[in-house]
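Residues per chain are reported as follows:
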Amino acid sequence: MLRWRRALDLSPIKCAQPNFLQLPLTLFRHYYEKLLHGDTGFIDSNTAQPVAALPQLNDLADYHAAGKDALQRLVVIKLNGGLGTSMGMTGPNSD
């Protein structure tokens, strides 16, 4: 985990570029700090609740352009090849 700590310490330098969105880094930093302090993020079956309602596709039409624009900045992080295990994650990686 020290490798990630060093990357986060250097991140302000790399993130000073124009048009860099700070929110994803802020969220990652928040949850990484929680992980370092023992929070696993596990939600047990007694706490998990089904989604009560989802919006209808037609109700999301106003977000189409913003969503399409966001796809150009989308990042997908896959923890393959044992990386998740080396970061301290346990259990199955996928179904």
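Residues numbered from 1 in each chain as written. Predicted model: local features only at pLDDT ≥ 70, side-chain atom pairs only at ≥ 80, totals over all residues. Heavy atoms only, no water.

Colleague: An account of the overall build of the protein chain is needed here, citing residue identities and associated values.
Modeller: A count of helical and extended segments in the protein chain gives 4 helices and 0 strands. Scored against the burial criterion, the 95 residues of the protein chain give a buried share of 7%. Accessible surface, the protein chain as shown: approximately 8900 Å² in total, 60% of it carbon and sulfur. (Helix = DSSP H or I, 4+ residues; strand = E, 2+ residues; numbered from the N terminus. Buried < 20%, exposed > 50% of the residue type's maximum accessible area, 1.4 Å probe, protein only. Areas by Shrake-Rupley, 256 points an atom, 1.4 Å probe, with all protein chains shown as cover.)

Colleague: Break down helix α2 (residues 22-36) for me, citing the residues and quoting the values.
Modeller: With 15 residues, α2 extends 21 Å from end C-alpha to end C-alpha; this agrees with the ideal 21 Å at 1.5 Å per step. Trailing α2 by a residue or two, G38 shows a phi angle of about 100 degrees, which is positive. (Expected span 1.5 Å × (residues − 1).)

Colleague: Go over a nonpolar patch on the surface, please, and point to the residues and values.
Modeller: Taken together, L23, L27 and Y31 make up a surface patch of nonpolar side chains, about 330 Å² in accessible area. Mapped onto the elements of the fold, Y31 is located in helix α2. Residue classification places Y31 among the exposed residues on the basis of a relative accessible area of 52%. (Patch = residues over 30% accessible without salt bridge, like charges linked within 9 Å, V, L, I, M, F, W, Y side chains within 5 Å. Salt bridge = Lys/Arg side-chain N within 4 Å of Asp/Glu carboxyl O.)

Colleague: Tell me what's going on with the packing of aromatic side chains, and back it up with residues and numbers.
Modeller: Enumeration over the complete set of coordinates arrives at 1 aromatic pair. Aromatic side chains F28 and Y32 sit 5.9 Å apart centroid to centroid with 10 degrees between the ring planes, which places their arrangement in the stacked category. On the criterion of helical spacing, the pair formed by F28 and Y32 is a turn pair, its members being 4 residues apart in helix α2. We classify F28 as partly exposed; its relative accessible area is 33%. (Phe/Tyr/Trp six-rings, centres within 6.5 Å; stacked < 30°, edge-to-face > 60°.)

Colleague: Help me get a handle on the pattern of salt bridges, residues and values and all.
Modeller: With the rule as written, the count across this model stands at 2 salt bridges. A salt bridge links D39 to K34, with the shortest nitrogen-to-oxygen separation between them at 3.4 Å. With a relative accessible area of 34%, D39 lands in the partly exposed category. Relative accessible area serves as the criterion here: at 32%, K34 is assigned to the partly exposed category. With a closest N to O distance of 3.1 Å, R73 and D69 form a salt bridge. For R73, a relative accessible area of 43% translates into the label partly exposed.

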